[in-house]
Amino acid sequence: MPELPEVETIRRTLELDLPGPRITSVSGRSIALRRPLDVNRLQPLLIGRQFLAPRRRGKFLLLDLEPPGSLLVHLGMTGRIQLVKASLPRRDHTHLVIHLNDGRQLRFVDPRRFGLVDWLDPGTEGRDPSLAKLGVEPLDPSLSRVLPPLLRSRRAPLKSLLLDQRLVAGIGNIYAAEALWRSGIHPRRSGNRTSLVRLRRLAEAVRSVLGEAIEKGGTTLRDFAGANGEMGFFAVQLSVYGRQGERCVNCGSTIRAEVIGGRTTAWCPRCQR
DNA sequence: CCAGTATCCTGCAGGC
DNA sequence: TGCCTGCAGGATACTG
């Protein structure tokens with residue numbers, strides 16, 4: 001669910017509100033997330049530090065600190081970040097709480113525990129096993145030059161290739177389906193059986209779909225950050241994802257869905273070839 | 001190296 | 001009402 005646009009919106013929200021106060025303590029429960037969450041290790045590393053403006057890489061958040069060091073955060077499927085008054089009751093599955101000296105807390109909540117929070121020593125992000133493998137940033141202007149030849153070199157379905165974070169970082173199941181619909185390409189089409197012209201169109205669709213979703217997130221930023229400081233997800237207008245059985249907004253055909261590469265994938269049988 | 005599948009986890013929807 | 005099953009999908013380990 002949290003794909004690049006949602007993570008970017010969270011980043012922008014945190015950028016406004018997180019820098020400043022000092023960390024006074026850390027609490028929570030060490031528990032198995034994607035990587036083991038070790039509260040006892042984080043505690044001495046975080047106390048006394050202040051957050052700077054956060055960064056994003058793919059679907060990862062990098063919460064930079066001063067003195068230098070970073071928290072690496074991934075929201076997985078159900079991860080949420082809350083920046084709230086300490087008095088607000090904790091939701092279930094709150095795994096980590098970072099206490100700030102202005103009476104607020106940064107909380108990491110993740111029922112399904114597919115997310116992660118990990119410490120990065122300054123300058124080591126290039127060696128992090130997850131970050132090091134990430135492909136091109138989809139909003140980078142180089143995307144339409146870099147991505148097409150990569151896709152051309154593979155014979156897997158384009159839908160699966162778009163989800164491969166080593167090729168392009170930040171696309172998930174929702175925006176992969178949307179970008180393929182927008183560029184008129186069938187999700188099962190092999191990368192190496194697609195012309196460079198069409199792949200360039202796909203790269204542009206990826207950029208525009210993600211860019212528009214971020215804009216919408218930006219316009220709802222105030223609501224989105226919420227009265228209770230909860231940073232979750234927003235609903236964007238979707239053309240195919242989750243619309244199987246409904247009519248294509250472009251041609252009126254019935255949207256279909258099948259499992260491709262282990263992921264349910266919706267597409268329009270008429271618009272996408 | 002590449003492609004495809006299994007795995008982790010909880011909440012929720014649907015069937016009966 | 002309650003129980004069961006299956007599905008949702010991030011990244012990654014594993015298999016062929």
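(A) Molecular detail of the layout of surface pockets. Taken as a whole, the largest pocket encloses approximately 890 Å³ of empty space. In this structure, the largest pocket is lined by 30 residues; those nearest its centre are K59, H74, G76, G172 and R263. Mapped by element, the contributors of at least two residues to the lining of the largest pocket are α6 (173–183) and β14 (263–267). No other element matches the four residues that β14 contributes to the lining of the largest pocket. Considered class by class, the residues forming the lining of the largest pocket number 12 nonpolar, 10 polar and eight charged. Residues lining the lining of the largest pocket come from more than one domain, with at least three contributed by each of domain 1 (4–127) and domain 2 (143–267).

(B) Region of the structure containing the protein's contact with DNA strand B. In the vicinity of DNA strand B, the contacting residues are H93, P111, R112, R113, F114, R154, R155, A156 and P157. Counting only atoms of DNA strand B within 4 Å of the protein, the sugar-phosphate share comes to 65%. For DNA strand B, a phosphate oxygen lies 3.3 Å from a polar atom in the backbone of A156. Its residues assigned to classes, the surface near DNA strand B shows four nonpolar, one polar and four charged.

(C) Structural context of the pairing of strand β13 (residues 256–260). Where β13 meets β14, five bridges bridge the pair, whose relative direction is antiparallel. Counted as the bridge partner of I260 is R263 from β14. Hairpin geometry of β13 and β14 is characterised by an intervening segment of two residues between the two adjacent antiparallel strands and by a positive phi of about 55° at G261.

(D) Structural context of the environment of L18. Of note, L18 is situated in the loop between α1 (4–17) and β1 (23–28). Judged by its relative accessible area of 0%, L18 falls in the buried class. In this structure, the C-alpha to C-alpha distance between L18 and L100, residues 82 residues apart in sequence, is 9.6 Å. Apart from the residues lying within four places of it in its own chain, the contact partners of L18 are F51, L83, L100 and L106.

(E) Structural context of the domain arrangement of chain A. Per the domain assignment, the segments of chain A are domain 1 (4–127) and domain 2 (143–267). Each partner contributes residues to the interface: domain 1 has 22 residues there, and domain 2 has 20 residues. Interface area, domain 1 with domain 2, both sides summed: about 1,800 Å², of which 66% is carbon and sulfur. Applying the counting rule to domain 1 against domain 2 returns zero salt bridges. One can count three residue pairs in polar contact (both at pLDDT 80 or more) joining domain 1 with domain 2. Sorting elements by how many residues they give to the side of domain 1 that touches domain 2 places α1 first, with 10 residues. Of the residues that constitute the side of domain 1 that touches domain 2, the class distribution is 10 nonpolar, five polar and seven charged.

Calculation rules
Residues numbered from 1 in each chain as written. Chains lettered and ligands numbered in written order. Predicted model: local features only at pLDDT ≥ 70, side-chain atom pairs only at ≥ 80, totals over all residues. Heavy atoms only, no water. 1 Å grid on protein atoms, 1.4 Å probe; cavity = no way out; pocket = protein on both sides within 12 Å on 5 of 7 lines; lining within 4 Å. Points joined across faces, edges and corners; volume = space filled by probe spheres on them. Helix = DSSP H or I, 4+ residues; strand = E, 2+ residues; numbered from the N terminus. Nonpolar A, V, L, I, M, F, W, Y, C, P; charged D, E, K, R; others polar. Domains from an automatic or database assignment. Near = heavy atom within 4 Å. Polar contact = N/O pair within 3.5 Å; in protein donor to acceptor, adjacent residues only side chain to side chain. Pairing = 2+ DSSP bridges. Buried < 20%, exposed > 50% of the residue type's maximum accessible area, 1.4 Å probe, protein only. Contact = heavy atoms within 4.5 Å. Buried area = accessible area lost by both parts, 1.4 Å probe. Salt bridge = Lys/Arg side-chain N within 4 Å of Asp/Glu carboxyl O.

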